[in-house]
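Examination of the molecular architecture
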Amino acid sequence: MKAAVVNEFNKKLEIQDVAMPDIGYGEILVKIHTCGVCHTDLHAAHGDWPVKPKMPLIPGHEGVGIVEQAGDGTGSIKVGDRVGIPWLYSACGECEYCLSGRETLCPEQLNAGYSIDGAYAEYCKAPAKYVAKVPEALSFEEAAPLFCAGVTTYKALKISEAIPGDWVAIYGIGGLGHVAVQYAKAMGLNVIAVDIKDEKLEMAKDLGADLTVNGLNTDPAKAIHEKVGGVQAAISVAVTKKAFEQAYSSVKRGGSLVVVGLPNDELPIPIFDTVLNGVSVKGSIVGTRKDLQECLELAAQGKIKTMIETKRLEDVNEVLDRLEKGDINGRIVLNIS
Ligand SMILES: [Zn+2]
Ligand SMILES: [Zn+2]
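Computed from a prediction, not measured in an experiment: that's the story for all the values here. Note that residues are indexed from 1 along each chain, following the sequence as it is written. The order in which chains are written sets their letters, starting at A; the order in which ligands are written sets their numbers, starting at 1. The predicted origin of the model limits local features to residues at a pLDDT of at least 70 and limits the giving and counting of side-chain atom pairs to 80 or more, whereas totals for whole chains, interfaces and linings rest on all residues. Hydrogens and water are ignored here; the side-chain numbers use all heavy atoms of the structure.

**Describing the coordination of the zinc ion (ligand 2)**
Metal donors: N, O and S atoms at distances within 2.8 Å, or within 3.2 Å for Na, K and Ca, with water omitted from the atom set so that some sites may seem incomplete. Distances from the zinc ion (ligand 2) to its protein donors, C92 (SG), C95 (SG), C98 (SG) and C106 (SG), fall within 2.3 to 2.4 Å. Site shape is set this way: if four donors have all angles between 85 and 135 degrees, tetrahedral; if opposite donors are over 155 degrees apart and all others between 65 and 115, square planar for four donors and octahedral for six; otherwise irregular. Taken together, the four donor atoms coordinating the zinc ion (ligand 2) and their angles of 106 to 115° define a geometry best described as tetrahedral. Taken in sequence order, the residues that donate to the zinc ion (ligand 2) follow the motif C-x2-C-x2-C-x7-C. Highlighted residues: C92 in the loop between strand 6 (88-90) and helix 2 (96-99) and C106 in the loop between helix 2 and strand 7 (110-111), separated in sequence by 14 residues. We call a residue buried when its accessible area falls under 20% of the maximum for its residue type, exposed when it is over 50%, and partly exposed in between, using a 1.4 Å probe and counting protein chains only. The class of C92 is partly exposed, set by a relative accessible area of 29%. For C106, a relative accessible area of 2% corresponds to the buried category. In this text, helices come from DSSP runs of H or I with a minimum length of four residues, and strands from runs of E with a minimum of two, each type numbered from the N-terminal end.

Quick look at the structure:
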């Protein structure tokens, strides 16, 4: 089968003919139709993070396709089902995190397109228990970005504990941020979109943002305090340290900063302000299978529209270059078959 493969960090991905995966007990083989391109794939290809991916690696954790083979023990997932394979490829199912509805913290988890091969390929195998069925109302292209960008931002908003009527700020209106704006609106929140590119802010406005701030020439935290008195929650899906600092400073007393983007950097937090203002700082990584179902359902109801540009698998290097430059509005989805 054809796949885009990382053979060495910081080198271009190669389009190669690789062996088809063999499925075992509880596994399915999915013929991939589409796969979204996430910033994480760039980090994987560069070996940016302290925990390195497998090598060689087929990236991709927003793969959507049709089940072509199902072995024994695949439960309700049948041949012909339309499913997506998320970042949380599998978890142990029996540790304290798995048992308490926090499976994304499972120390034994595998991650699609990182610790195990993902969906930049014609086929991808997956454990049936951890894939999600795609609602009929969503096309292959629309559904793909929901498997990371969608569930990740939906979950971040959930753990922010902001309630209807609260103000939230979304820092970074890219693949994740443009979906975050819409989930926030669907959850009854007032949204401030922050980015350094006007065209991304325009898009945020079209998608429902109540206010926008360009952080390039303005201090967004100051602007947010002036306009609405600070936000109950700031969600940072940006990829620069500066945006995280600004996101922290835009939170009002008793509010929270939810850290989602993954620059390989540190976030210095002022202890005095954090204590006196009772600010919480929370990390949030993707979402559980339940979060994923909820996020797909909201999209199927027409409340979330992923902004998509489609490209071929062969274009993957060009797509990753553009992603690195911040030169993409919304999400690029690879059309694989
Ligand atoms: Zn992702
Ligand atoms: Zn576990």
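Following the structure, the description resumes.
**Comments concerning the coordination of the zinc ion (ligand 1)**
Coordination sphere of the zinc ion (ligand 1), protein contribution only: C38 (SG), H61 (NE2) and C148 (SG), at 2.0 to 2.2 Å. For the zinc ion (ligand 1), the donor residues sit on a single chain with the sequence spacing C-x22-H-x86-C. One end of the pair, C38, is in the loop between strand 3 (27-36) and helix 1 (39-46); the other, C148, is in the loop between helix 3 (140-143) and helix 4 (149-160), with 110 residues separating them in the sequence. Accessibility assignment for this pair places C38 and C148 in one class, buried.

**Some details on the packing of aromatic side chains**
Think of it this way: a Phe, Tyr or Trp ring, Trp meaning its six-membered ring, pairs with another when their centres are within 6.5 Å, and the plane angle makes it stacked under 30 degrees, edge-to-face over 60, tilted otherwise. Applying the stated criterion across every chain, the model contains three aromatic pairs. Measuring from ring centre to ring centre gives 5.7 Å for W49 and Y114, while their planes differ by 35°; the resulting arrangement is tilted. On the criterion of sequence distance, the pair formed by W49 in the loop between helix 1 and strand 4 (63-70) and Y114 in the loop between strand 7 and strand 8 (123-127) is long-range, its members being 65 residues apart. With relative accessibility at 12%, the residue W49 sits in the buried group. For the pair Y154 and Y183, a centre-to-centre distance of 5.5 Å together with 50° between the ring planes defines the contact as tilted.

**Focus: the pattern of salt bridges**
The term salt bridge refers to a side-chain nitrogen of Lys or Arg lying within 4 Å of a carboxyl oxygen of Asp or Glu. This structure, assessed with the given rule, holds 18 salt bridges. Between R322 and D327 there is a salt bridge whose closest N-O contact spans 4.0 Å. The exposure class assigned to D327 is partly exposed, which follows from its relative accessible area of 42%. What you see here is one network of salt bridges that share partners, running through K155, K158, K290, D291 and E294.

By themselves, these figures tell us nothing about what the structure is for.
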